[in-house]
Amino acid sequence: MRIAEISTPEHRQAAALHDSHSPSHHQHNHLLTQIESKIKQTEAHPPATPLPDSLPSDLRQLLTNLTQLTPFPATNNSLKLHLWKLSYRLWNSCVDLSNAAAIRSPSSNCSPQNVAKLRHLAADMLSLAVDVVGVPSPVIKSASFYYKTGLVWHDHKIFDLASTCFERAADLLSKLDVSKISDAEERKLLLDLNLARSRTAWEISDKNLALMLLNRSKTLLFGSLVHFKALANQFLAFAKAVLSRKENNGSFNDALKLLNEALDLCEKGQSIARTREETVEIKQLKSKTMRFISAVHLQNGEFENVIKCVKVLRENGGEVGDRHASLPVLAMKAWIGLGRYSEAEKELKDMVVNKGIPEGVWVSAVETYFQAAGNAGVETTKGVFLGLLGRCHVSARAAVRVVHRVVGDDNGIEGSRIRAKVVAELVSDERVIALFANEAVAKERTAMHSVLWNCGSCNFRLKDYETSAEMFEKSMLYIPHNLENRVLRAKGYRVLCLCYLGLTQLDRAQEYINEAEKLDPNTICAFLKFKICLQTNDQCGAINQIQTMIACLDFTPDFLSLSAHEAVASRSLPVAAAALSHFLNLYNNGKPMPTTEVVVLRTLVTVLSQDLGKEAEVLKFLKQAHKRASELGTESFFGKGEVGRREQNWFAVTSWNFGAKCGKEKNYELCAAFLRLVPGFYDLMGDGQLEENNVTICRSLILTVSAMITSEKLKMTPLTDAEVKHAHELLERAGKILNSPLLGNIEADLHFIYVLDAYDMHGRLNNLLSQQHIVKSFAGTKTCTPQYLLQIGLSASQGPRFNAEVATYALGECLSGFLSSPSPNYQDVALIVRKLIAIASIHKGNTDDDAVLSMYKQAYRIMVGLKEGEYPTDEGKWLAMTAWNRAAIPVRMGQIDVAKKWMDAGLELARKVAGMETYQAYMEDYVAEFEKKFHTQIAGGTQPPIVQ
């Protein structure tokens, strides 16, 4: 509620007497002006919008600055009055904001914590001027502000700030003489403050402080019944909190002490009650407390004390006693605990006629009585359930004997459906079922259930699922529908689900397993649902049930193994893979597992390999196997000795096979990833075993880089610097293996691929010398052939990483190799010659024309002595024409000698090529004419015509 502001003539007169010339006057006024501005901002703030966070922080800073100027001079009372008034204005603004928010909706966003901060600021402002002159009870009012602010913080569950406010209020009130306080509200404030401090201390688990404050509150009762009730209710609330704990470490004794304190206060309060209403209220609280005391005694097994409490409550000093519904329940349980079943029976019968007792309480009491009384409760059973029994003269025991006789003593019906049908008709008769409806025949009912269950089990073993299902269904009639038997009912539903799975009646199987899950959700329920999903080909549902299994409290890893087996048998490979994947996740917990991790991984990879398009997942789990082996150690993961070596080889070979498969399918990215794993698995072996697999390691390293390069070309996405660096490292290792004397025979093609890949990688790294070294070293090996050199030369002469030296060397060596053959392939020779001319023209043409001319002359020498057409005619014409045409520029430039050399070369080549007779005659005529004019040395002489 709002608090009236202070504005009296005396206050204004006091303000007028203030010494305005004091040294700190201007500083105080400046800060108060700023504070008042912020308060005006608060007063004008729309209630519908949240307060800005900056407002409380700004006000706090201003108040801190003002605090540094305290204490205020004794003569400066107007300053204190002004601060007092500002505090009240701020408080009333907070009240308005809170009320507006409560009117709109409880969940309205009114920045409740910011409003609480402003309340706290108002209380702090008031405390600075607590010694103001002219205000009645300033200490009480200041403490009241802190008390109310503490309650707000407590409601927000910010207990440290609540405790701070309560302590500030207590410090202020400690300066007062309590005996001189006569106002009822002020006295109530003293008690309420102590109770609030106690509640906050209880919330922060400072139980000793909480109880000390409650006991201290006994001195603040002032003979008021309201005070007695408030303190008694607080003791009762703490007792309830103690009883609500899950642990029972002495909590009953602690609660009993608190309840006795509350009872003592009620009795003292009852003695000072003046009106009838007051007496009724305190008696109701006293009865409630005694009922709780009775319940505590019952939990402690102090049954005689329970009876005493109930007797006191019922007698009530000769007046109308307590008729609360819990009293007969407490009394009955206490009599049962004392073994006095006749009195318990009387209480039970009284409960039947007491309409005020809820049905659930009455049923629970009956169950408790029968559970405790056993055979002694048979007569009571007859009386209570007489209307249900009717006039049936057959006992439950007799019914069991009849059914057992029909079923037989040889473990069931042994396939006799006729006898099973008779049993089913007998036990499903309503009159027979009625005989087993009460707890007095629980033993007989269990016996009947066992007979029917065993009969169903026998037929299930004989795979007579139809008869088995019928017997299990009838056995369910003899399981009570209560909490104690819900697990047994769930078991019955689960076995019925199995029967209908055997009959492939999946709808009924689903119905029964749903009922079982409602009663007792566990891993078996989830597994049976999993089997139903497999039979209906619902793979998504089966995978969901795997996750449900894992979440069950009784889950064991064996269920995942069994699920994988079932899925493989049903050819649901994705489901099997999901089960094994979840199986793998359990190995990170460090708990003992029924199967080694490597076996699960191997099985999972095998399952995935049987499914199409699962290469990426296979790669994922192969990588996981390598990672786990690196983390745990080779022997710990793969196993020791020969077993471990075979497991390791299996993963390496599988990686190689999948790499080869992906390469054939032109999925080069996956191919590289698989092949990269092969040396990784072999590296985990010892040095001796590593040498045995050097050839495979070398192959995988080289083919990994080849796959990376091919993938780059197909995707048209260049390799990153990191990938180039990694590829270079792989090739370096492969090179070391190739140069090792321990390396066995390796394919020539593989060595050639290594050279191409290494040339490519060194080119990317701008290492031209290494390119030359690799090619020259390869040319000197036995595995090198002219065809390999031709491909290397062609590769070096084209593309973004052109290397003239390597291309010239490789093609030159290749040409020598071809020409040294008994029957050279002149088509390849012509190609090499053309490439060498092109390289020389580009690389040396401008600086060394003779180098290009020498290539033409070499071609001429090759053509000399060959039969007509043996050297490709088109290539011969190209040589003759290009040599002749090269004379054009020297003629124009006046380089007569150079031009003459090129014309002679073209003419000589033309004479060796069939079909160029016309060109030859034309060239000869032009050469003759040119020689006549040679002596003129005319730079701009006649240019030889271009031959086409």
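Just so you know, these numbers come straight off a predicted model, no measurement behind them.

What counts, and at which threshold
Residues numbered from 1 in each chain as written. Predicted model: local features only at pLDDT ≥ 70, side-chain atom pairs only at ≥ 80, totals over all residues. Heavy atoms only, no water. Helix = DSSP H or I, 4+ residues; strand = E, 2+ residues; numbered from the N terminus. Buried < 20%, exposed > 50% of the residue type's maximum accessible area, 1.4 Å probe, protein only. Contact = heavy atoms within 4.5 Å. Areas by Shrake-Rupley, 256 points an atom, 1.4 Å probe, with all protein chains shown as cover. Polar contact = N/O pair within 3.5 Å; in protein donor to acceptor, adjacent residues only side chain to side chain. Salt bridge = Lys/Arg side-chain N within 4 Å of Asp/Glu carboxyl O. Phe/Tyr/Trp six-rings, centres within 6.5 Å; stacked < 30°, edge-to-face > 60°. Lys NZ or Arg CZ within 6 Å of the ring centre and 35° of its normal. Core = buried A, V, L, I, M, F, W, Y, C linked by side-chain atoms within 4.5 Å. Expected span 1.5 Å × (residues − 1). Axes fitted to C-alpha atoms, helices over the stretch in contact; angles between N-to-C directions. Parallel < 35°, antiparallel > 145°, perpendicular 65-115°, else oblique. Left-handed = near helix turned anticlockwise from the far one by under 90°. Nonpolar A, V, L, I, M, F, W, Y, C, P; charged D, E, K, R; others polar.

A. Focus on the overall build of the chain. Along the chain, the regular secondary structure elements total 47 helices and 0 strands. Looking at the 948 residues of the chain, the share that counts as buried comes to 46%. Looking at the chain alone, contacts between residues at least 24 apart form 65% of all its contacts between residues at least 6 apart. Accessible surface, the chain: about 48400 Å² in total, of which carbon and sulfur atoms supply 52%.

B. Main features of the side chain of Ser-797. With respect to the element layout, Ser-797 can be found in the loop between helix H40 (786–796) and helix H41 (804–819). Of the polar contacts made by the side chain of Ser-797, one reaches the backbone oxygen of Leu-794; its length is 2.9 Å.

C. Summary view of the pattern of salt bridges. In the structure shown here, the tally under the stated rule is 33 salt bridges. A salt bridge links Arg-60 to Asp-124; its shortest N-O distance comes to 2.9 Å. Pair noted here: Arg-60 is in helix H3 (residues 54–67) and Asp-124 is in helix H5 (residues 112–128), with a separation of 64 residues, a long-range link. On the basis of relative accessible area, Asp-124 is assigned to the buried category, the value being 10%.

D. A look at the packing of aromatic side chains. Applying the stated criterion across every chain yields a total of 24 aromatic pairs. Residues Phe-460 and Tyr-465 carry aromatic rings whose centres are separated by 5.3 Å and whose planes lie at 65 degrees to one another, so their mutual orientation is edge-to-face. The class of Phe-460 is partly exposed, set by a relative accessible area of 27%. Pairwise contacts between aromatic rings join Phe-637, Phe-638, Trp-650, Phe-651 and Phe-681 into one cluster. For Arg-119, the ring lying beneath its charged end belongs to Trp-91, and the centroid distance is 5.0 Å. Positioned over the ring face of Trp-202 is Lys-207, at 5.0 Å from the centre of the ring.

E. Molecular detail of unusual backbone geometry. Within the chain, Lys-463 stands out as a residue other than glycine whose phi angle is a positive 65 degrees. Within the secondary structure layout, Lys-463 lies in the loop between helix H22 (442–461) and helix H23 (465–475). Residue class for Lys-463 comes out exposed when judged on its relative accessible area of 62%. Even without being glycine, Asn-766 reaches a positive phi, approximately 60 degrees. With respect to the element layout, Asn-766 can be found in the loop between helix H38 (748–764) and helix H39 (768–779). Judged by its relative accessible area of 65%, Asn-766 is exposed.

F. Looking closely at the nonpolar core. The biggest cluster of nonpolar side chains holds 137 residues, and the ones touching the most others in it are Phe-530, Val-833, Tyr-871 and Leu-879. Discounting chain neighbours no more than four positions away, the residues touching Phe-530 are Ala-542, Gln-545, Ile-546, Met-549, Ser-563, Glu-566, Ala-567 and Val-575. If you look at the next biggest cluster of nonpolar residues, it comprises 102 residues, including Leu-81, Ile-181, Leu-285 and Met-332.

G. A look at the environment of Ser-142. Among the secondary structure elements, Ser-142 is positioned in helix H6 (residues 138–155). Distance in space between the C-alpha atoms of Ser-142 and Ala-169 is 7.4 Å, their sequence separation being 27 residues. With residues up to four places along the chain from it excluded, the contact list for Ser-142 reads Ala-123, Leu-126, Ser-127, Val-130 and Leu-172.

H. Fine view of helix H11 (residues 251–271). With 21 residues, H11 extends 31 Å from end C-alpha to end C-alpha; this agrees with the ideal 30 Å at 1.5 Å per step. Within the span of H11, buried status applies to Ser-251, Phe-252, Ala-255, Leu-256, Leu-258, Leu-259, Ala-262, Leu-263, Leu-265, Cys-266 and Gly-269. Buried residues along H11 sit against helix H8 (184–203), helix H9 (207–217), helix H10 (225–243) and helix H12 (276–299).

I. Local environment of the side chain of Arg-291. With respect to the secondary-structure elements, Arg-291 resides in helix H12. On the accessibility criterion, Arg-291 (17% relative accessible area) is buried. Dropping the residues within four chain positions of it, Arg-291 is found in contact with Leu-313, Asp-322, His-324, Ser-326, Leu-327 and Leu-330.

J. Inspection of the packing of helix H31 (residues 615–632) against helix H33 (residues 641–664) at higher detail. One way to put it is that H31 packs onto H33 with a least axis distance of 11 Å and a crossing angle of 150 degrees. Here H31 is positioned roughly antiparallel relative to H33, judged by the angle of their axes. Relative to H33, H31 is oriented so that their crossing is left-handed. In contact with Glu-615, Val-618, Leu-622 and Ala-625 of H31, H33 contributes Phe-651, Ser-655, Phe-658, Lys-661 and Cys-662. Its residues assigned to classes, the contact of H31 with H33 comprises 6 nonpolar, 1 polar and 2 charged.

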